[in-house]
Every structure is written in C-alpha cells, then in structure tokens.
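# Chain and residue survey
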Amino acid sequence: MAPADPTVGGTFPLPRFDPGSDKWVQTLSGAGPQQEAALARLHDLLLRIARSELQRRGRQLRITGPELDDLAYQATADALLAIVGKLGQFRGESRFTTWAYKFVVFEVSAKIGRHFWSKPAVPLDAEDWERLPDRLGLDPARETERRDLAGAVHRVVDEHLTPRQRQVFIAIVLNDVPMDALVAELGSTRNTIYKTMFDARRKLRAALAANGYLDDETSRHS
Amino acid sequence: MNGWPALDRFLRTDPRDVGCAEAMELLHVYVELVDKDASAAERYPGIAAHLRACGPCGEDFDGLLAAIRGPGEITGQAG
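These numbers come from a predicted model, not from an experiment.

## What about the overall build of chain A?
Counting its secondary structure elements, chain A contains nine helices and zero strands. When the 222 residues of chain A are sorted by exposure, 34% land in the buried category. Looking at chain A alone, contacts between residues at least 24 apart form 66% of all its contacts between residues at least 6 apart.

Here it is in structure tokens:
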C-alpha cells in the first residue's frame, strides 16, 4: 500500500504508536517541566545503557575507571542530542526505547573507534607482511604452503586491489585496526569502509581461486 | 576440498549482504523480532547475512539486544 501523501489536502493522521512510545514522543516533543523530566529520564536510561555497553565490550578496550565513565557520558549526551533532533523520524516500527537505545549503542561504537587512536598499537600505514600468515589464521604446521599462500595474497593485494582497497586491507587485516577506528581516522563511514573491504575480499577470493589456492566459489553449496 | 578454512571464511561474501547502512537503519526493528523469536532472519535475510559478516554491526546488534533485555527496559517509561 502506498503511503498517504501529507501534502495533499485535508488532515493527516498522526502516527499511532504503542502507549509507552506515544508517551515518550508526546512528552519529548512538548515543553516545560514534563519535557524536562522526560529528557532527564531518557538521559538516565541512555547512560545506563552506555555504561553497560562499555562494560560488555571491556575486554577489547584498554579503558577503565573515570575514562570509561567519561566516554559513557559523552556517548549519552551525543545520543540524546541526536534522538531529540530526529524525533520526527521515529515511525513506531519498534518501541521508542529500542529506537533510542540504538543511538547510544552507535555512539559507544564511534567513541571506542576514536579512542583507539589515543594509544594505537600499530601506525595506520605500517606494512609488516610477516604478520600476514598469523593474521589470516594460516596453519603454522604447514609452513611451506603457508608462506606460499601468504605470498600469493600479498601479490594479489599489490596487483589487483585499488589504492583505497589496499589501504583498508592493510589497516584492517595486517595491522588489526578496528573498523570504527579506521572510519574515524579516514573521516569515512562504516558502510563505505565495509563496502571497500567487501569488494577487496571478493577480488582476493577470485584471484586465489583462479590460481588454485581456494575452491571456486561456484563449486560449493552454501 | 579447501585446505584453508579460516581464509576461505574470511574471503567468502554473501550476495544477500545489505551492508552497514541498511542494517543500521533497521537494527531496532530487527532486534525486536529476534527478541520475540519471530523468524527475523527469514524476514530480513540481507540483514542476517550482514550481521554474520560484519564484526562492528554484530557488536552493535549484541549490545542493543542486551539493552532491550536488560533491567532498563522494565522501567523505560517517559514518566
């Protein structure tokens, strides 16, 4: 069914949400003490989600104590701002709180990505190809084949990938830079970096299959 | 027979994969379907394929699922 066109005459019905979501939208889009109370309540909920999300990801982070809580407050503030700014985009496809929590989860990811560069383990443009076999999970017991395959991957990276695909491959695969950290450093988006890596993986697979290192994709059933 | 399963898994791509932008756009809808066990992957195979392949989006999905299943949701009311 095509959506009604709000620009064509008559009244346009307000979206109908579940009662809880409706109350959130009504109070947040209102004014005065009720709106302030709803904003404070939402801030508390988002802060709790940000803290628990940072704790959940704690093992992959080198952040603790006040620094961790500072990131939680930053993610909460940015998420709250985004939610209020995009309130009109909430369409009731989920509960309001689920939609709102999504913003703070994304903000936590972005903050973690940016934080990576405060203490990077490896420079972005380092090229230690000796790391490649381990990074690709190649079995060390098969040393000769492993070196041969790693050499083939290196050649394909140099000869078949575009400069941008090569840069992204080296950062993510060779240097173990998290995708969100690369997004922050390159001023890009997660979607763009993922697509770049997706295309690089396809090219690599096709070239390695053509040279007999991997099975042809079409020869396997998924 | 493929002798390099880890590399093969890493390089294998799923043509149904919708990418990060679409997965992120619908993540709140998808996560509630998963929470209700309502055949989310069947309704959104492209998102399911993406979340299997993309570590960061998979992390966000896990975080959002934990958030809606956590104690915050019980009292997540406007006032």
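Read on for the rest.
## Considerations on the domain arrangement of chain A
Residues and elements named next belong to chain A. One can read the domain layout of chain A as domain 1 (19–118) and domain 2 (129–216). Taking the mean C-alpha position of each, domain 1 and domain 2 sit 35 Å from one another. Contacts between the two partners involve seven residues from domain 1 and, on the opposite side, six residues from domain 2. Its residues assigned to classes, the side of domain 1 that touches domain 2 comprises four nonpolar, two polar and one charged.

## A few points about the nonpolar core
Residue and element names in this part refer to chain A. L46, A50, V104, F169, I172 and L182 are the most contacted members of the largest nonpolar core, which has 78 residues in total. In terms of residues, this core owes the most to one element, helix 4 (residues 96–115), which gives 10 residues. Two domains share this core, each providing at least three of its residues, namely domain 1 (19–118) and domain 2 (129–216).

## Concerning the packing of helix 2 (residues 32–56) of chain A against helix 4 of chain A
All names here are of chain A. At a closest axis distance of 9 Å, the pairing of helix 2 and helix 4 adopts a crossing angle of 50°. Overall, the two elements helix 2 and helix 4 adopt an arrangement that is oblique. The handedness of the crossing between helix 2 and helix 4 is right-handed. Contact residues: helix 2 offers L42, L45, L46, I49, A50, E53 and L54, while helix 4 offers T97, A100, Y101, V104, V105 and V108. Partitioned by chemical class, the residues of the contact of helix 2 with helix 4 number 11 nonpolar, one polar and one charged.

Conventions adopted
Residues numbered from 1 in each chain as written. Chains lettered and ligands numbered in written order. Predicted model: local features only at pLDDT ≥ 70, side-chain atom pairs only at ≥ 80, totals over all residues. Helix = DSSP H or I, 4+ residues; strand = E, 2+ residues; numbered from the N terminus. Buried ≥ 20, exposed ≤ 12 C-beta atoms within 10 Å, placed from the backbone. Contact = placed C-beta atoms within 7 Å. Domains from an automatic or database assignment. Nonpolar A, V, L, I, M, F, W, Y, C, P; charged D, E, K, R; others polar. Core = buried A, V, L, I, M, F, W, Y, C linked by C-beta atoms within 7 Å. Axes fitted to C-alpha atoms, helices over the stretch in contact; angles between N-to-C directions. Parallel < 35°, antiparallel > 145°, perpendicular 65-115°, else oblique. Left-handed = near helix turned anticlockwise from the far one by under 90°.

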